[in-house]
Amino acid sequence: MNICILGAGLQGRIVAWDLAQMGHKVTLVDVNRENLRKTGQKRNISVKLFDVTKREALMQLMQDFEVVVGALPASLGYYAMQCAVRSGIDIVDMSYSEENPLELDKQAKKKKVKIVPDAGFAPGLSNILIGEAYRELGGIDSFRILVGGIPQNPILPLNYKFTWSPSDLVAEYTRPARIVNNYKIVKVEALTGIEQFSIPKIGQLECFYTDGLRSLLHTFKDIKNMEEKTIRYAGHSEIMRELLKFGFCPSEPNPFTNSKIKPKTYVLEFLQTELNKGDDWDLTILLIDIKSKNKSRRYYCLDYYDKQYQITSMARMTAYTCSIITQCIKDYPACGVIAPEFLGMNKKISDFIKSELKKRRIIINQSDY
């Protein structure tokens, strides 16, 4: 296929490399010359300096390709999907936009376009596994997803390093989280609901609420209880909650004697520095517990930084999933907005995604009991 990737950041570059390695013709576009330079012309990837905010130019560009991959910041994700629909081009997007992509369904069906939003790790792969379990177990009563990426060599006090967009991480920590309790969508404060646990050879961890259910809130109305929590090293959430009070919580006063200092700007700059310390060696954890009427299921995946190719585990889980979805999206039998859980409901596509992840040494362990 002839594929265009919007965004040459941490994830977009890996999607490009993987698709090119699989024999696809890939063009990677970005407004940042340095991002394009990091990609280079290797592995048969073409690069193009391009400003995606130029709407008409973007829609014209899209029409030169069979599929578009959205690897932009969350603030541009919905916009990119809108442009793809208007251009009549399929798009696989992993931006995690704040807007609800399902609202584009009618337009996409009318234009006979396929849109896969949240096509990454979690949401993304986690949704696919929920869809698979729903199909195989004949329905689901409840599930909970625990997921996260953490450094192998944490540095105090935050014990975390950016593996994706800093602004999107802060949005995840400040946006209310939605869960489902007794069939009703309930909002809870992010970074709350803390639980502590440990994993051998990794250490003491915690998990807390974040807004990761997304399309699952709307697609499976018959599931009684749903929740997702983010995994970090123990103590991370308490520090972040205190930091993010300043500039992100309107009720908190400005702590600086110099009123010209903007707390939000200061906190973001501080985090940009602190959360870039240390090496790139990370690991990711995905744990999904599912209950149906007659059976329970657990999915478990533990993945590590790829030393050979110098790819973070977060990029492996996110970008590889996106790349594999892109390669099989033409096989999906319907148009419109295709939530990732719908891919899991399709046995052929679900099996393909899992088998391709396995080829990339991403092993998803499953146990039914």
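The text that follows walks through the structure, step by step, so that each part is easy to find. Model, not experiment: these values are computed from the prediction.

**Focus on the pairing of strand β10 (residues 195-199)**
Right, on to step 1. By the bridge criterion, 5 bridges tie β10 to strand β11 (residues 203-209) in an arrangement that is antiparallel. Its bridge partner being in β11, Gln196 is matched across the sheet by Glu206.
Right, on to step 2. Where β10 folds back on β11, the antiparallel hairpin that results is connected by 3 residues, among which Lys201 adopts a positive phi of roughly 75°.

**Here's the deal with helix α6 (residues 125-137)**
Right, on to step 1. If you check α6, its first and last C-alpha atoms are 18 Å apart, about what 13 residues at 1.5 Å a residue would give, namely 18 Å.
Right, on to step 2. With 11 of its 13 residues buried, α6 lies for the most part within the structure.
Right, on to step 3. Along α6, the positions that sit buried rather than exposed are Leu125, Ser126, Asn127, Ile128, Leu129, Ile130, Gly131, Glu132, Ala133, Tyr134 and Leu137.
Right, on to step 4. Gly138, located one to two residues past α6, shows a positive phi value of around 75°.

**Here we look at helix α3 (residues 55-62)**
Two residues of an α-helix separated by three or four positions point the same way, owing to the 3.6 residues in each turn.
Right, on to step 1. Within the sequence span of α3, burial applies to Leu58, Met59, Leu61 and Met62. The arc that holds every buried residue of α3, seen down its axis, measures 160°, which confines them to one face. When the buried face of α3 is taken as reference, the exposed residues oriented beyond 90 degrees from it are Glu56 and Gln60.
Right, on to step 2. In the core, the buried residues of α3 are packed alongside β1 (2-6), β2 (25-30), β3 (45-49), β4 (67-70) and α4 (74-87).

**Quick look at unusual backbone geometry**
Right, on to step 1. With an omega of 5°, the peptide bond running from Ala122 to Pro123 counts as cis.
Right, on to step 2. Mapped onto the fold, Pro123 is located in the loop between β6 (114-116) and α6.
Right, on to step 3. For the bond from Leu156 to Pro157, the omega torsion is 5°, close enough to zero to count as cis.
Right, on to step 4. Within the secondary structure, Pro157 is located in the loop between β7 (142-151) and α7 (166-174).
Right, on to step 5. Here Lys112, not a glycine, exhibits a phi torsion of approximately 60°, which is positive.
Right, on to step 6. Tracing the chain through its elements places Lys112 in the loop between α5 (105-111) and β6.
Right, on to step 7. Among the residues examined, Lys112 registers a relative accessible area of 67% and is labelled exposed.
Right, on to step 8. Residue Asn159 is not a glycine yet carries a positive backbone phi of 55°.
Right, on to step 9. Note that Asn159 resides in the loop between β7 and α7.

**Things to note about the sheet that holds β2**
Right, on to step 1. Here we have 7 strands laid out as an open sheet, ordered β3-β2-β1-β4-β5-β6-β15, and parallel in their pairing. Looking at the sheet topology across the chains shown, the edges are occupied by β3 and β15 (336-337).
Right, on to step 2. Helix-sheet contacts for helix α1 (residues 12-21) involve β1, β2, β3 and β4, and the interaxial angle to β2 is about 165°.
Right, on to step 3. Against the sheet, α3 touches β1, β2, β3 and β4, its axis set at about 155° to β1.

**Considerations on the packing of aromatic side chains**
Right, on to step 1. All told, the structure shown has 3 aromatic pairs when counted by the stated rule.
Right, on to step 2. Each ring, one from Tyr173 and one from Phe208, has its centre 6.0 Å from the other, and the planes form 75°; the classification is edge-to-face. Here Tyr173 is found in helix α7, whereas its partner Phe208 is found in strand β11, with 35 residues between them in sequence.
Right, on to step 3. Judged by its relative accessible area of 3%, Tyr173 falls in the buried class.
Right, on to step 4. Directly above the ring of Tyr209 sits Lys229, whose terminal nitrogen or CZ lies 4.5 Å from the centroid.
Right, on to step 5. In this structure, Arg360 packs its charged tip against the face of Tyr320, placed 5.8 Å from the ring centre.

**Regarding the environment of Gly138**
Right, on to step 1. Within the secondary structure, Gly138 is located in the loop between α6 and β7.
Right, on to step 2. Take Gly138: its relative accessible area is 70%, and that puts it in the exposed class.
Right, on to step 3. Taking the C-alpha atoms as reference points, Gly138 and Leu49, 89 residues apart in sequence, are found 48 Å from one another.

**What to know about the side chain of Glu227**
Right, on to step 1. When you line up the elements, Glu227 lands in strand β12 (residues 225-233).
Right, on to step 2. A polar side-chain atom of Glu227 sits 3.2 Å from a polar atom in the side chain of Tyr209.
Right, on to step 3. Ignoring any residue separated from it by four or fewer positions in sequence, one finds Glu227 in contact with Phe143, Arg144, Ile145, Ile179, Glu195, Tyr209 and Leu213.

Calculation notes
- Residues numbered from 1 in each chain as written.
- Predicted model: local features only at pLDDT ≥ 70, side-chain atom pairs only at ≥ 80, totals over all residues.
- Heavy atoms only, no water.
- Pairing = 2+ DSSP bridges.
- Helix = DSSP H or I, 4+ residues; strand = E, 2+ residues; numbered from the N terminus.
- Expected span 1.5 Å × (residues − 1).
- Buried < 20%, exposed > 50% of the residue type's maximum accessible area, 1.4 Å probe, protein only.
- Arc of directions from axis to C-beta.
- Contact = heavy atoms within 4.5 Å.
- Axes fitted to C-alpha atoms, helices over the stretch in contact; angles between N-to-C directions.
- Phe/Tyr/Trp six-rings, centres within 6.5 Å; stacked < 30°, edge-to-face > 60°.
- Lys NZ or Arg CZ within 6 Å of the ring centre and 35° of its normal.
- Polar contact = N/O pair within 3.5 Å; in protein donor to acceptor, adjacent residues only side chain to side chain.

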